[in-house]
Each structure stands twice: as C-alpha cells, then as structure tokens.
Amino acid sequence: MPSNPRTQEASGRHLSVGAFSRTLLDTFKATVLTSSLSSTLIGLQWAAANMRRFLRPGHDPARERLKRDLFQFNKTVEHGFPHQPSALGYSPSLRILAIGTRSGAVKLYGAPGVEFMGLHRENNAVVQIHFLPGQCKLATLLDDNSLHLWSLKVRDGVSELQEDESFTLRGPPGAAPSATQITVVLPHSCQELLYLGTESGNVFVVQLPSFRVLEDQTISSDAVLQGLPEEARQRRVFEMVEALQEHPRDSSQILIGYSRGLVIIWDLQRSRVLCHFLSSQQLENVSWQRDGRLIVTCHSDGSHCQWPVSSDTQQPEPLRSSMPYGPFPCKAITKIFWLTTKKGLPFTIFQGGMPRASYGDRHCISVFHNSQQTAFDFTSRVIDFTVLAEVDPSAAFDNPYALVVLAEEELVVIDLQTAGWPQVQPPYLASLHCSAITCSHHVSNIPLKLWERIIAAGSRQNAHFSAMKWPIDGGTTLAPPPPQRDLLLTGHEDGTVRFWDASGVCLRLLFRLSTVRVFLTDTDASESLNAQGEEEWPPLRKVGSFDPYSDDPRLGIQKIFLCKYSGYLAVAGTAGQVLVLELNDEAAEHTVEEVEVDLLQDQEGYRWKGHERLAARSGAVCFEPGFQPFVLVQCQPPAVVTSLALHSEWRLVAFGTSHGFGLFDHHQRRQVFVKCTLHPSDQLALEGPLSRVKSLKKSLRQSFRRMRHSRVSSRKCRPAGAPGEMQTAGITKAERTGLQNMELAPVQRKIEARSAEDSFTGFVRTLYFADTYLRDSSRHCPSLWAGTNGGTVYAFSLRVPPAERRMDEPVWAEQAKEIQLMHRAPVVGILVLDGHSVPLPEPLEVAHDLSKSPDMQGSHQLLVVSEEQFKVFTLPKVSAKLKLKLTALEGSRVRRVGVAHFGSCRVEDYGEHHLAVLTNLGDIQVVSLPLLKPQVRYSCIRREDVSGIASCVFTKYGQGFYLISPSEFERFSLSTKWLVEPRCLVDSSKTRNHSCPSNGNSMGPEKAVGRARNSGSQSDGEEKKPGPVMEHALLNDERVLKEIQSTLEGDRGYGAS
Amino acid sequence: MNRGHRHGAGSGCLGTMEVKSKFGAEFRRFSLERSKPGKFEEFYGLLQHVHKIPNVDVLVGYADIHGDLLPINNDDNYHKAVSTANPLLRIFIQKKEEADYSAFGTDTLIKKKNVLTNVLRPDNHRKKPHIVISMPQDFRPVSSIIDVDILPETHRRVRLYKYGTEKPLGFYIRDGSSVRVTPHGLEKVPGIFISRLVPGGLAQSTGLLAVNDEVLEVNGIEVSGKSLDQVTDMMIANSRNLIITVRPANQRNNVVRNSRTSGSSGQSTDNSLLSYSQQVEPSFEPEDEDSEEDDIIIEDNGVPQQIPKAVPDAESLESLTQIELSFESEQNGFIPSNDVSLAPIASGTNTEFEARAADQKLLEEDGTIITL
C-alpha cells in the first residue's frame, strides 16, 4: 500500500521536549477514552452524522410548511408565436382565433389575455380547425386523419379547453385508405352534423358530439353522378372533394366542389343535385356570395370564375373569368373570398395566383377592391387566412373589416376599412424571432416613469399601424391586473433589442432599438437598390416583421444590461462592441464617441483570425426618441462580448470577452483598466469567433437561407392542409441520417481533470459590481468582480470620485484579490451578501427608496457559483465558509443562476432571498441563502433541449422564461406569490346548457397533457407538492417515467469526443 | 521528559511495548504505551532525543513480523509498526544522506531469495545499480483499492489520486449495457463502461482499471440512471480525488477474501481499528474532506496562499472526535466526497502535504498570475 500523504509531515519537525510530552499526555487522555469506549463513541459519532443528515432542513416540518408557502412550480403561459403553425380557425360568433401546430397543439386567442392551450395526445400536425357554429366547441383534423372535438367548459368561473372526443373515419373493410381520407370538413349550422369530404369524392356525415356516422346520409359520388346530365357525367371522373360549403341562407343546401372542376349544389332533404357548374380547370376553392346567388371558384392556373346560381338554367360557361396576374402562366389561387360591400364593388381576396416565372416564390395574398389592388407579400409561407366580416346572416352585405393571415412565422392582421389597408398591431402572438433571439434580459418592477417613457418612445415607432381596435376580442379575462411592470429585453441577431411588456399574459412589444445606425454596414447600399428594384406590377407590398436574415452577423446582440432607475442601457455584441445608451424623449443628432480597448494589452505573438471589428459611422448620427447610444467601446480583438455589467450610480460599465475584461468610465468616457485573462497557451481563444462549431452552424444557416430564397413553391397548397411537408421532409430526413451517423460513431467521453491549459479558461463569464469590504473590515469600497471559465475570480477595488468632482478626478482601480478555485469549473455567478446575509441591492435601488440599505456593519460574504459548486467565502479576508457541491453529487452543472425574492403566499410581507438555479439537465432548483441548502427541485426543461436551457432567464421574483421554440417563450413560476397565468371566460349564451360541469378530475386534460409534454424525463425530485392529480399520477408511475427516459436517452445522438 | 513512557516499562504490563532502537552501532531501549502511541512526529522527536541527534535528518525503519525492513515516516506506518510489534519493536535509524534505500522492502532482513525470481531474473543477484524508484519520503499514493472488505467480490473500488497536472487520468467512458439478474429474470440494463485507457495515463499505470469494466459508482454515488454526460461531469468534478467502483470485465483477478496471509506492505492488515466505522455504517458514507480542493487566494501583495477554512465556533470534544474520525476513515481510504450535510467545513485536517500540493500548483501557475 502506498504510504499516506501524511508522510510529509515528518520531515524536519522538531518538537521541544516539553511540548512533546504535553501533547502526548493530551492524546493519552483522548485515546484512553477512545479506546475504552471506542466502539460506542464511534458508533455515536456515526449515528450523529447520520442524524445530521436526516435532519437536513428538508425534514424539519416547520421549514417544510414554510417551503410550501414559498415555492411552487408552474408553467403558466407560452408567449410568442406558435412554432410551425399548420392550421387556422376562426369563430365569428365567439370572436376567437385558433391556431393549430405541427406538434399537435391547439391555441385559442380572443381578447388580450384570453388564451387557451390544448395538446392532442397524438403528436400529429393539426391540419384543419373548425369552430362549430354558435357553440364553444371546435373540431380539429389531424394529419393522421383523426377528428377531435374540443370544448371550452366553464369550471369555477373559468373556461377550460378540453378534448371531449376523437374519431377516425373508417371505410368498409378492404376499401382504399383514400376512400376515407378527409380533405374538407364542414360543420353544419344545425350544430349537430359534420360533413366530411374525402379523397374518394364521397361526402360522409357524422353526428356530434358522438361522432356517429350517419351512413344513410352519405353523399356518394355515384349518387351525384346519377343526378348529372349526360355530358357532365362523361367528361368528368370524380376526384377528391375540394370544397364543401353550406348555403349562406338555406341550410338545406350544400355546395360540393370536386378537384377536376365540377361544382354541384346538393339538396340535403331530397338528396339530389340542384345545379352544377363545370370548369375546365382544376378547382382549388369556392366562395359563395352572401345571398347565395353567385359562386366564385378559383383554379390551379391562377384564374377565378364567377357562376350565377339559378336552378332553371345550367350555365356551361362562367359568367366572368379572370386571371388577375396573367397572361403568363400563373400559380394556383388556393383560396378566395368574395365579399360584398355596401359601397362599391365586392372585395376579392385570394391567396396565390402570382406569375409563376417571376414571382412564383412569393407568398402573397391579393386584395382587390374597386380600383385598389394590393398583393400583400409575406416573408414566410402563408398557412391560411380568413376575412373578418359581418356575422349576422341576414345582413345584406359582408362589409369585411379585417384580413387575418396566418403565415408560417407570424400573424398579420390588415385593416380593410382604413384607406391604404394598414396593418393592425396584434396584442399577442408577437413574432419574437423576427430576427433570431441571441440573448435576453429581464428587469422586474420597472418604475412608472421609465415605463411611460419607453411606451411613449415605442408608440412613435408604431405610428404606421392602424388605429383599429383589435378585432379578435372574444372572451373576457378574469386575471387580476399584473402586480408590477416587468420588462423582458431580447437581443437579436440583426443588432436590435426589443423591449417587451412581460407584466402579464400578453407579451407586447413596447419599443424596438436598433444598434445598426451606429455602424457602417453594406445594407446602406443594398437598401437603395431594393427600393429601385420593386416594380409597379404586381402591386406587391411587404408586410409583417419577420425577417430572419441578418445583414451582418457581427451586429448580433450578446449581452444587455438595463438600469431601471437611471434609464442607462448597455448593449454588447458579437464583434466586441459595447454601447452605452441613455433614454432620450426627443430625437437627437449626435456623434457616438468611439473608444478602442485592447484586451490583450500588447501581448506579443497573438493573431486574431476571426472577424474584423465593426466600422463605426463617423460624424453625427440622427437617433429617434428612445434609447440613444453615446459611447461605443470596441474590444480588441473583436471577440464576442461574454459578460457585461453596468453600474449607473458610479457610471461605470464593465465588459468581458474570451480574452479579458475591462472597465470603462462612461461619464468621463475613459478606459479605467483592462485585464487580460488569457492563458498563454490558449491558442483556440485567439483564433476567432468561438471554434468551428459556431461557424458550422453559421454555414448551415446560410445554406438554409439559400434554400428558402431559391424555393419555388410550385406545389399546390391546400388551404388548411398540411403544407410544407415536402419542404421540411427533406430536412427531417437529413436530420435522421445525421442522427444515424452519430449513433454509429462510438460515443465516448474523456475523463480528465480540468487544467489551466484548457481552452477558453480566460473566457470571462460573469462581472459584478459591489460596494463591500474588499481590503479591510473597517472600510468598504466599490469593487468589480470577474469570474472566468477557468475557475478564477478577480476582484478589483475601485475609487470613484464623489459626485461633485466626478468629472475632474479619474476613477481608479487596483487588483485586490484573485481567487483560483481548485476545481477550475467556470464561474457563472458572483454575489456579495451583506451583514444580514442579504444580497447587496442593485445600484440606485437604495437611493430610490426601493430597498433597505445594506447592512454594512456585519461582515460581508462572497458567494461564488461555479458550474460545479456553490461556495461562500468570508470577506475581506477570504476564507472558505460553506459550500454545496452539485456536479460531484448528481452530475448536473449550473447553467443559470439568479437571486430571487420569494414572497410567502400566506404571510404578507414575509419573504426570503434565495438562488434560483437551472442545471444542464433542465432541472430548476432553489438553493437557500446564505446556508446553501437545497430547497426544492423541479424538472422544467428537457435535458436535450440545449437551446431552451441556454435561453433561460430568471426574474427577481421567482419567475422565469425560456425558449420552447425559436419563437416562443415559456413562462414559469417558482413562487407561490408571483404567478402570471391566463384566467379567462368564454361565454356563448346559446351554449351554456352544453357545458355541463363534470366532477372528478379537477384538472382539464389540456393542462395535464401540456405538462406531461413539457416536464421531460426527470422525476420531480424530492419535492412533491400536493399537486393536481394527473400530474402526480403521471410522475409517480415509474414505468411511465422509465419509458419516457429511455426514449429520451435513446434519442440522444452525440459525436465522439 | 518521557515520564509517561518510562512508567511501567519493562514489566509484563499489557499496555506497554518495548522499543529497541539502533542508530549506527548504538542501541537505545525504551517503552511506549501500546494503546497510545502518539504521532509519528513525536516519535521521531523522541528517537532523535534518545539518540542525542537532535539536528540530524534520519530515516526510520522497523522490522516487521516477517523480518522485512519497512520505513516509518508517517502516522500510519508508525501506528502499524506499533500495533504489529510483538513483543519488541525493532527500530533502525539511518542518516538520511547515508541512507540505503534498497534496504527497504520485502525480505530485506531475512535474505532468503525467492527461487522463482532468480529463475525469471537471472541477473538479479548481480549487484546492478539499484534503481531508486522513489525516496521514501516522496511516497505518495497514486491509486488504491479500497473497501475490499465491504464490497462484493465482483466489485472493485479504486481510488485515483491526482496531483496537479502531472499525469492525466487518462481514460474514456462509454454507454453500454449489461445483463442483470432481476425478479423478472435476466434483464439488459444500460450501464457505463470504460472504453479506452490512454497509454501512460494514471488509469492505465495503476493496472486496476481496464477497458470494458463497468462503472457502478463515482465517489459513492451510483451511476445507474445517469447519462453518460452526467457521469462524465461527476468524474471530472471529482477528478482530484476520484473513487470509482467498477465491476471488472475480467473477474479472474478479483481479490480473494479472508486470505490475509501476507502483511508485507500492510495492504490488507490495516483495518484493525477502523472496521468499527464500517460495522456501524456499512454503506459508503462520505464525509467532508476537501483538503485536496483548496482554492487559492492571491491578495494584493501578490503572494498566492491557500484559502483557509473559516473556523467553526465550537471547539469541543465533538470537533476533536470529528478529527479523529475523519483521520480514521481516511486511513481506510474512505475519502468522502460529499458534503450533503453542509456542516461548516471542519478545520484541522490540513496537512503539509496538501499545502505542498497547492504550492506545486502555484509554481505552475506563476506565469499566468499577473498582479497589479
């Protein structure tokens, strides 16, 4: 056996004789005691140790009760635009919009705050959504040909969306699957029947809500054939049903359109063909004029025809036929609306029909009215659209007032009543990802003054929007007004920062800040080029805000820091640019001062192989009201800014990259100091923008971009079908082969201790300002703390001149401490606790009387959070006090950490500060301050969802956001007190008797299923709150858990390390 | 001075033990309290005192029951020496500068040559320049097999000691599956396996780990149900003191129980006292021993220091026994990794060794530490 480390103790120690005997004597006493009682004592010791463990605070009943009052995990609402929408539905009577997605979600939106979410058990795309007339019910068709009936039921005064029934249409044994493949769904106004058009040409009838097939009422293509005159019978073979419509006035008649161009009107009572229309072109869709006297059909060649309806004369030819974008070959018009108005000609609104050669790749919806013609040109594929018009069937005119278009990446509503057809700004469904989100920053409890100023600045940006009241306003929200004003700031790839009102259920865009103006980019040239390039015909008009293509990836925003008290904002980006901005209510023209900061401090032998820094625009630049930049710090080398901190009281901004960090005095506009953190052997950090992985990602993105641009959608798009399948089928196939390849490669992981020579150890992960005892316990001073990827913490003591001499004397800094964590894990958080172990307040918080001033009497403590451990050190003399190991015990690493105040739901004014922690496994934990005791743990994000985990941001009051898709934030709450979730009521007086409250399960399947999907593979850990039954059942069932886990693990693909 | 030792010496009293110490040609005899040997440091001082060589660096050795000359240079082997001495503890002292290291080792005093080794290494008897593997005072553990007595024979718990960055741990792990006996019969369950050993790495050089060994625990935490990445992170987080329990792919080299015949280097006879702890607490019970993980602080004077641990207030019997306890458990290779209890870090377990390790660390890092 190798000898013990204590060997070293032996060498060269000399004890005096006296000391020697004394120590021996002492040991003697102890040893006698130990040897005689050794077994008992040791036993007791171990027992005590065990007791200590069992008596962890987790088992203290009082604390347990308190924990229940403080912590509770809920996923409350999804903000943003649904990922991969696939269907649109609208109920004119309820004034509620429904969006279905390819992952099987159904989302309902009414008045702002009225939101519902449902998830089909099947992970299939929603192909069609139809509200049942006059009821709080809707039917969905999935791409597996199943129909689902959903209803909004009122329980405890709040409506809940739940699935009632599902159904799959089955043909007789042996029939082809196409015989029952549903193509069109028509909910009949009698509220009980669904007419289902199929690929075979048959129309089936099912009775609701039981989905009983009424076989005797089936309108078979044979029966239709019988009722047709000879010549029509010969010319056409029946094909799939393309259109099904009920007569606008007479519910006993329905219109059936077949794909080969035949349209018939069917008498439901007598089961006969009333009249028929034959078109020479493939039929795409039909619109029936309000009075039932005119039918407008649209066709695959880009034409639309009008057919007068009269039973006596059969028209072989249409009354009028036109090809709006002819004469050259055009794409199909896939959906058409023909809407009458009191004044003037009817509105003709149709999708597609653009000249195939030159505009075939555009996603257009054209509106023709009188002499006005506009082709609204969308930046993403149009999924479906609808027109909001007069609901009352007896009204003489449609008088359409709004066009609602669901595009793949955004919802666009156009005001058809105001001249020029301006857009209406939606209060929800914001396209968060109009440019890819690169970072986010949350600021809680915004002072009213700043809030109003931001809104005022934002309203000027929204001047081009229509003044129309939001037309989709069904339901009433019962949620209490938000308790405080919260801002969520998102940084985007195109160099913009968006300010979102995150106080309530609706995430609303308040202000959009662009940093592009500060820089010289090549867009300036291309913009003018674009302007010239647009021709007069077709009358295209770009609409929507979705624009994923960044002109220059260097503009991307990486870090944001807003001081809510002073209105100072710091924004940092991909090319090492750091901007300091100030809120100005007026437009202003001024020069942005540019300062270059060399983070390498003239160290020799380094060569930056990455991108160049951005060129700043010289001279005065005009800025609109809002946040206006006044200082630009350019890091050299221009590596991505990895950390940022702003202290508005001291007027200092600190920034870090993979090379080092610096402190800048934005009042005197002077660099205070820089510190290079680079390890001499770290070549990778020097080479360029973060390794090859990133550049691979970039090239992938670019190739997708090319794909999108060159795509010519020659394919016919079913109006509410499952479009885009072909397009993405290619991607999924590629992904699948990629996964297969990865599985073939041996997945192995290298086990090696971290070393100082590892790459990117100098990467500055966190920066923190604190007024604390850095050097001695008698005097506190401003300080700046920085933590690196290599486990080092630097502390600089600062001297900031008093306010009256702030401009005259320089800010002075000196390195006071450097702490090297032996485990060398990246430092992700630094925090100083005051004498009462409360985190130090934010700058200016005390000055604004919003926080108690920190306790400067007792001794301060330093909390360092690395990816692996939490450690508390004393200050000013740094000695280790406490720690909590995370990785060593459970293998999870800290990804995000934030201090949050948890208020008690029971006791007013009681609250505690704790750390909210997100790990790389997607768990969220609360770790107590200052004792670092784990309080609760919840699984939140699937561990495979790397981007979701990376995007997580905590609020100061125990809530948080993370991206569940590029365009959606999930909002969650860890607090019992701060909970923002939709509570709303949708009431249709006619349907009240339908919504019978049911007992039993206290939770709608909507919620249960939603959670099941989100809660991923983790068991919910130690903390099980008395929660809804379903959730418990699901998570307690070990078999289910294991199954989920195994599928998740099976899905993982990793390359060899 | 050593009244305590003189007392009762020479008699047949059970509690004392006679010591015969030889330095050069001189012998000294004295006695020690067997049950209370004290620390090696004190013993060393005592020897220097009795031989009247207070300022001479010496190497201390003793003859064990097999007649091997073994070094005494720390508390462990000192206690070992005391506990195995029967009835006499024979001590041999050499001046450090004149020391003959080759004297130490197996069969050193009773020079009976092993026939087999002679056959295999015929030149063994020739006086070849002796390779000094290491100075005895530089002995430090690189790896060890621990908890042999409490683990199933099919398992092996290996501790790898990582000193700074001298040598890489040098192994890789992968996902795999193993067959387990369950109530439902044989079942294939996912597991983590060693996939590769880096030549020259610590793992390979110990010979205790091999490719395809299944990893069952990392520092006392079971890996079942954890992903490859989690296990990787756990191992890296514990890399300075990594204890992994494996089920060796090759089950033929397992330690066979109850065959502690050879006490040559004390590997298997060490647990005279310590098994108490295991009887009471058979499972792996980690205690906080993070000395190997001490962080470094550089104050503005630019001198790197180890970060001291904040001393807990209660200096009582409890803290004393706690030290004893941690010392004992450590002696058994019980290196706790865990501080679930989150009790304040106990002071007093620091040793010079740790400080030294930290110093080494600093030397390496001098290049990067730039102080203002």
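Residues numbered from 1 in each chain as written. Chains lettered and ligands numbered in written order. Predicted model: local features only at pLDDT ≥ 70, side-chain atom pairs only at ≥ 80, totals over all residues. Heavy atoms only, no water.

Engineer: Would you mind showing me how to read the overall build of chain A here?
Structural biologist: If you tally the helices and strands in chain A, you get 17 helices and 63 strands. Buried residues in chain A amount to 58% of all 1057 residues. (Helix = DSSP H or I, 4+ residues; strand = E, 2+ residues; numbered from the N terminus. Buried < 20%, exposed > 50% of the residue type's maximum accessible area, 1.4 Å probe, protein only.)

Engineer: What is the right way to read the overall build of chain B from this model?
Structural biologist: Secondary structure summary: chain B contains 9 helices and 14 strands in total. Of the contacts formed within chain B by residues at least 6 apart in sequence, a portion of 62% connects residues at least 24 apart. (Contact = heavy atoms within 4.5 Å.)

Engineer: Can you walk me through the sheet that holds strand S55 (residues 880-885) of chain A in this structure?
Structural biologist: Pairing between the strands of a sheet is mediated by backbone hydrogen bonds and can be parallel or antiparallel. Residue and element names in this part refer to chain A. Sheet architecture is open: 4 strands sit in the order S52-S53-S54-S55, paired in antiparallel fashion. The open sheet terminates on both sides in strands that have one partner only, identified here as strand S52 (827-833) and S55. Pairs of neighbouring strands in the sheet enclose a mean axial angle of 15°, with direction left out of account. (Pairing = 2+ DSSP bridges. Axes fitted to C-alpha atoms, helices over the stretch in contact; angles between N-to-C directions.)

Engineer: It is not clear to me how the pattern of salt bridges should be interpreted in this structure. Could you clarify?
Structural biologist: Between side chains of opposite charge, pairing is possible as soon as their charged atoms come close. A full pass over the atoms with the stated rule returns 45 salt bridges over all chains. The salt bridge involving Glu214 of chain B is made with Arg247 of chain B; its shortest N-O contact spans 3.4 Å. Taken together, the residues Glu214 of chain B in strand S10 (residues 214-218) and Arg247 of chain B in strand S12 (residues 241-247) connect sequence positions 33 residues apart. Here the salt bridges share partners, and the residues they tie into one network are Arg765, Glu867, Arg893 and Arg895 of chain A together with Asp233 of chain B. (Salt bridge = Lys/Arg side-chain N within 4 Å of Asp/Glu carboxyl O.)

Engineer: Would you mind showing me how to read the UniProt feature "repeat: WD" (unreviewed entry) in chain A here?
Structural biologist: Look at the UniProt record and you will see "repeat: WD" (unreviewed entry) annotated at residues 483-501 of chain A. Along residues 483-501 of chain A the backbone is 0% helical and 63% strand, and the end-to-end C-alpha distance reaches 13 Å. (UniProt positions renumbered as here; feature names shortened; annotations may be inferred.)

Engineer: Whenever I open this one, the UniProt feature "domain: Lethal giant larvae homologue" (unreviewed entry) in chain A confuses me. Can you help?
Structural biologist: This chain's UniProt record puts "domain: Lethal giant larvae homologue" (unreviewed entry) on residues 322-422 of chain A. Summarising residues 322-422 of chain A: 4% helix, 46% strand, and an end-to-end C-alpha distance of 27 Å.

Engineer: Explanation requested: the domain arrangement of chain B in the structure shown.
Structural biologist: As far as domains go, chain B holds domain 1 (16-98) and domain 2 (143-253). Between the C-alpha centres of domain 1 of chain B and domain 2 of chain B the distance comes to 39 Å. (Domains from an automatic or database assignment.)

Engineer: Honestly, unusual backbone geometry in this entry has me stumped. Any pointers?
Structural biologist: All names here are of chain A. Residues Leu208 and Pro209 are joined by a peptide bond in cis, for which omega reads 0°. Within the secondary structure layout, Pro209 lies in the loop between strand S12 (203-207) and strand S13 (212-213). The omega angle of the peptide bond from Gly326 to Pro327 is 0°, so this bond is cis rather than trans. When you line up the elements, Pro327 lands in the loop between strand S21 (320-322) and strand S22 (333-339). Phi at Leu429 takes a positive value of approximately 55°, unusual for a residue other than glycine. Within the fold, Leu429 resides in the loop between strand S29 (423-424) and strand S30 (437-443).

Engineer: Just to check I follow, could you spell out a nonpolar patch on the surface for this structure?
Structural biologist: Where nonpolar side chains cluster on the molecular surface, the patch consists of Val179, Val181 and Leu186 of chain B and spans about 360 Å² of accessible area. Inspection of the secondary structure puts Val181 of chain B in strand S8 (residues 171-182). (Patch = residues over 30% accessible without salt bridge, like charges linked within 9 Å, V, L, I, M, F, W, Y side chains within 5 Å. Areas by Shrake-Rupley, 256 points an atom, 1.4 Å probe, with all protein chains shown as cover.)

Engineer: Would you mind going over the nonpolar core with me for this structure?
Structural biologist: A general feature of soluble globular proteins is that nonpolar side chains tend to end up buried together. All names here are of chain A. By size, the foremost hydrophobic cluster in this structure holds 38 residues, and its most contacted members are Trp785, Leu862, Leu863 and Phe870. Top contributing element to this core by residue count: S52, with 6 residues. In this structure, Leu863 is in contact with Gly829, Ile830, Leu831, Phe870, Lys871, Val872, Leu915, Leu929 and Leu932, ignoring residues within four places of it in sequence. Membership of the second largest hydrophobic core comes to 34 residues, among which are Ala457, Leu513, Leu555 and Leu583. (Core = buried A, V, L, I, M, F, W, Y, C linked by side-chain atoms within 4.5 Å.)

Engineer: Explanation requested: the pairing of strand S26 (residues 382-388) of chain A in the structure shown.
Structural biologist: As a general feature of sheets, a regular strand has side chains that alternate between the two faces. Residues and elements named next belong to chain A. Summarising burial for S26: 7 of the 7 residues are buried, a large majority. Bridge analysis of S26 against strand S27 (residues 402-407) gives 6 bridges, and the strand direction is antiparallel. Counterpart to Leu388 in the pairing with S27 is Ala402.

Engineer: Could you clarify how one ought to interpret the environment of Pro966 of chain A in this entry?
Structural biologist: Residue and element names in this part refer to chain A. Residue placement: Pro966 occurs in the loop between strand S61 (959-965) and strand S62 (968-975). Along the sequence, Pro966 and Leu798 sit 168 residues apart, while their C-alpha atoms lie 41 Å from each other. In this structure, Pro966 is in contact with His83, His433 and Ile437, ignoring residues within four places of it in sequence.

Engineer: Honestly, the sheet that holds strand S50 (residues 792-799) of chain A in this entry has me stumped. Any pointers?
Structural biologist: The sheet built from 6 strands is open, its strands ordered S48(A)-S49(A)-S50(A)-S51(A)-S13(B)-S14(B) with antiparallel pairing. Both edges of this open sheet fall to strand S48 (764-776) of chain A together with strand S14 (304-306) of chain B, since each of them pairs with a single strand only. With strand direction ignored, the average angle separating the axes of adjacent strands in the sheet is 30°. Bridge count between S48 of chain A and strand S49 (residues 779-788) of chain A: 9 bridges; the pairing is antiparallel. The partner of Phe769 of chain A across the bridge, within S49 of chain A, is Leu784 of chain A.

Engineer: Is there a simple way to think about the pairing of S22 of chain A in this case?
Structural biologist: All names here are of chain A. When you tally the buried positions in S22, you get 7 out of 7 residues, the bulk of the element. As defined by bridge partners, S22 adjoins strand S23 (residues 347-352) across 6 bridges and the pair is classed as antiparallel. By the bridge assignment, Ile336 is partnered in S23 with Phe350.

Engineer: Would you explain the environment of Trp470 of chain A in this entry?
Structural biologist: Residues and elements named next belong to chain A. As for its placement among the helices and strands, Trp470 is situated in the loop between helix H8 (448-461) and strand S31 (476-477). As for Trp470 and Asn124, which are separated by 346 residues in sequence, their C-alpha atoms are 31 Å apart. Excluding anything up to four places from it in sequence, Trp470 contacts Gly110, Pro112, Leu411, Val413, Val424, Gln425, Pro426, Pro427 and Tyr428. A polar side-chain atom of Trp470 sits 2.9 Å from a polar atom in the side chain of Tyr428. Here the side chain of Trp470 touches Ile472 through a polar contact of 3.0 Å, landing on its backbone oxygen. (Polar contact = N/O pair within 3.5 Å; in protein donor to acceptor, adjacent residues only side chain to side chain.)

Engineer: What is the right way to look at the state of the cysteines in this model?
Structural biologist: All names here are of chain A. What the rule picks out here adds up to 0 disulfides over all chains. There is no disulfide at Cys330, and the cysteine sulfur nearest it, in Cys364, is 11 Å away. Free cysteine: Cys635, not disulfide-bonded; nearest cysteine sulfur from Cys676 at 12 Å. Using a relative accessible area of 0% as the deciding quantity, one classes Cys635 as buried. (Disulfide = S-S within 2.5 Å.)

Engineer: Explanation requested: the packing of aromatic side chains in the structure shown.
Structural biologist: The relative placement of two aromatic rings is captured by the distance of their centres and the angle of their planes. Counted according to the given criterion, the structure contains 30 aromatic pairs over all chains. Both rings, one in Phe499 of chain A and one in Phe627 of chain A, keep their centres 5.0 Å apart while their planes meet at 15°; by these two values the pair is stacked. Of this pair, Phe499 of chain A sits in strand S33 (residues 496-501) while Phe627 of chain A sits in strand S42 (residues 626-636), placing them 128 residues apart in sequence. Aromatic pair Phe673 of chain A and Phe796 of chain A: ring centres 4.1 Å apart, planes at 15°, arrangement stacked. Here Phe796 of chain A lies in strand S50 and Phe673 of chain A lies in strand S46 (residues 670-676), a separation of 123 residues in the sequence. Here the basic side chain of Lys335 of chain A rests over the ring of Phe385 of chain A, its NZ or CZ set 5.4 Å away from the ring centre. When the ring centre of Phe27 of chain B is taken as origin, the NZ or CZ atom of Lys20 of chain B, which lies over that ring, is 4.8 Å away. (Phe/Tyr/Trp six-rings, centres within 6.5 Å; stacked < 30°, edge-to-face > 60°. Lys NZ or Arg CZ within 6 Å of the ring centre and 35° of its normal.)

Engineer: What exactly am I supposed to notice about the side chain of Thr183 of chain A here?
Structural biologist: Within the secondary structure, Thr183 of chain A is located in strand S10 (residues 182-187). There is a polar contact of 2.7 Å between the side chain of Thr183 of chain A and the backbone oxygen of Val241 of chain A.

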